[in-house]
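Breakdown of the fold
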Amino acid sequence: MLGGDLNRNDTAGALHKAWGHIFTNHIRGDYVEFGVYHGDSFLASFQQHKVFLRWLEGQLASPEDWRRKVAQKYVSSKVHFHGFDTFAGMPENSEENVTFAEGTFFSSFDNVQNKCRRAGMGDESYSLYKGLFSETGPIFSQRLSSKISILNIDCDIYSSARDALNIAGEFLQVGSVVMFDDYNAYCADNRAGERRAFREFCGKTSFKFEPWFTYQYSGQSFLCVEE
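These lines cover the structure that appears in this document, whether it is placed above or below. Keep in mind that what you see is a predicted model, and the values were worked out from it rather than measured.

Right, let's get into the pairing of strand β6 (residues 208-215). In terms of strand pairing, β6 meets strand β7 (residues 219-226) through six bridges, oriented antiparallel. By the bridge assignment, P211 is partnered in β7 with F222. Counted between consecutive antiparallel strands, the loop separating β6 from β7 contains three residues, among which Q216 sits at a positive phi close to 55 degrees.

Take a look at the structure:
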């Protein structure tokens, strides 16, 4: 999908809205996704980012002086795409849910990397982190050179979502978008999955989060509104 549609309620549509918010507010920062799986949403984010880069080019050519000035201040903003996955399926967990049992959602690192290259992602524009989040998180922390603009957590289970938030949380900023693809899984039980991890994270971070829009069947987005 190379265009954008605000009426789409799938993941690509959600990413279109998220990037629209980032560009409209001229927020600088990287895209970070936990739970890449086959790479579909990772590539959709890259494509939606390209949609708004084209929009920005249009602003630079606008006959209105103020639009050109605003765009010129933001055009130098660069985004690196960071993708995390075990690429070995779900890790051992205690959720007792057959959908998210150990080994489900197996994917191939090489296949995802090839997809990225075929989509036009240069090696300098993205990084894939293979392994448990707790193991690859320190590498990411050293590599990240900016804040996070969009944090997409699609790792389903509590322990992985907890680790993802612990790794990425310190790099959020006011205006960041936080997306949970399976926020309402487990029958929207606050004691399980991404909901549990986010509730615990909100209890210990200085940031505040405001619910934004829902998407797909169980997705929920939030805006980081204040420290």
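Attention shifts here to the side chain of S221. Here S221 shows up in strand β7. Accessibility expressed as a relative area gives 0% for S221, which makes it buried. There is a polar contact of 2.8 Å between the side chain of S221 and the backbone oxygen of F213. With sequence-adjacent residues up to four places away left out, S221 is seen in contact with V178, M179, E210, P211, W212, F213 and Y215.

One finds W19, Y31, F42, F81, M121, I150 and M179 to be the most contacted residues of the largest nonpolar core, which totals 34 residues. Contributions of two or more residues to this core are made by α1 (11-24), α2 (40-60), α3 (65-74), α4 (109-118), β3 (126-130), β5 (177-180) and β6. If we skip the residues at most four places from it in the chain, I150 touches A18, W19, I22, D30, Y31, V32, V177 and M179. With 29 residues, the next largest nonpolar core counts I153, Y158, A168 and F171 among its residues.

Okay, the packing of aromatic side chains next. Going through the model one piece at a time under the given rule, you end up with 31 aromatic pairs. Judged by centre distance (6.2 Å) and plane angle (50 degrees), the rings of Y31 and F42 are tilted. Residue Y31 is found in strand β1 (residues 30-34), and its partner F42 is found in helix α2; the two are separated by eleven residues along the sequence. No difference in accessibility class separates Y31 from F42, as the two residues are buried. Summarising the aromatic geometry, the rings of F84 and Y129 are spaced 4.4 Å apart at their centres and angled 15 degrees between planes, so their arrangement reads as stacked. Linking F84 in strand β2 (residues 81-85) with Y129 in strand β3, this pair joins segments that are 45 residues apart in sequence. Neither F84 nor Y129 differs from the other in exposure class; each is buried. Ring pairs connect the aromatic residues W19, F23, Y31, F42, F46, F52, Y74 and F81, which therefore count as one cluster. Sitting above the plane of the F213 ring, K17 keeps its charged end 4.8 Å from the centroid. When the ring centre of Y158 is taken as reference, the NZ or CZ atom of R196 above it lies at 3.7 Å.

What follows deals with the sheet that holds β2. Ordered in space as β3-β2-β1-β4-β5-β7-β6, the seven strands form an open sheet in which the pairing is mixed. On the outer flanks of this sheet lie β3 and β6, each paired with one strand and no other. On average, each strand axis in the sheet is inclined to that of its neighbour by 15 degrees, with strand direction left out of account. Along the sheet face, helix α8 (residues 193-202) touches β4 (148-153), β5, β6 and β7 and points at about 160 degrees away from the line of β6.

Moving on to α1. Along its 14 residues, α1 runs 20 Å from first to last C-alpha, staying within 8% of the 20 Å computed at 1.5 Å per residue. The element α1 is extensively covered by neighbouring structure, given that twelve of its 14 residues are classed as buried. Residues of α1 that are buried include every one of T11, A12, G13, A14, L15, H16, A18, W19, G20, H21, I22 and F23, and no others.

Attention now goes to the pattern of salt bridges. Counting across every chain of the model gives nine salt bridges. With a shortest N-O distance of 3.5 Å, D40 and K115 are connected by a salt bridge. Taken together, the residues D40 in helix α2 and K115 in helix α4 connect sequence positions 75 residues apart. Its salt-bridge partner being D65, residue K69 comes within 3.1 Å of it at the nearest N-O pair. Of this pair, K69 and D65 both sit in helix α3, four residues apart, which is roughly one turn of that helix. K69 sits in the partly exposed class, given a relative accessible area of 48%. Residue classification places D65 among the partly exposed residues on the basis of a relative accessible area of 38%. A cluster of three or more residues bridged by salt bridges with shared partners is formed by D65, R68 and K69.

Definitions and cut-offs
- Residues numbered from 1 in each chain as written.
- Predicted model: local features only at pLDDT ≥ 70, side-chain atom pairs only at ≥ 80, totals over all residues.
- Heavy atoms only, no water.
- Pairing = 2+ DSSP bridges.
- Helix = DSSP H or I, 4+ residues; strand = E, 2+ residues; numbered from the N terminus.
- Buried < 20%, exposed > 50% of the residue type's maximum accessible area, 1.4 Å probe, protein only.
- Polar contact = N/O pair within 3.5 Å; in protein donor to acceptor, adjacent residues only side chain to side chain.
- Contact = heavy atoms within 4.5 Å.
- Core = buried A, V, L, I, M, F, W, Y, C linked by side-chain atoms within 4.5 Å.
- Phe/Tyr/Trp six-rings, centres within 6.5 Å; stacked < 30°, edge-to-face > 60°.
- Lys NZ or Arg CZ within 6 Å of the ring centre and 35° of its normal.
- Axes fitted to C-alpha atoms, helices over the stretch in contact; angles between N-to-C directions.
- Expected span 1.5 Å × (residues − 1).
- Salt bridge = Lys/Arg side-chain N within 4 Å of Asp/Glu carboxyl O.

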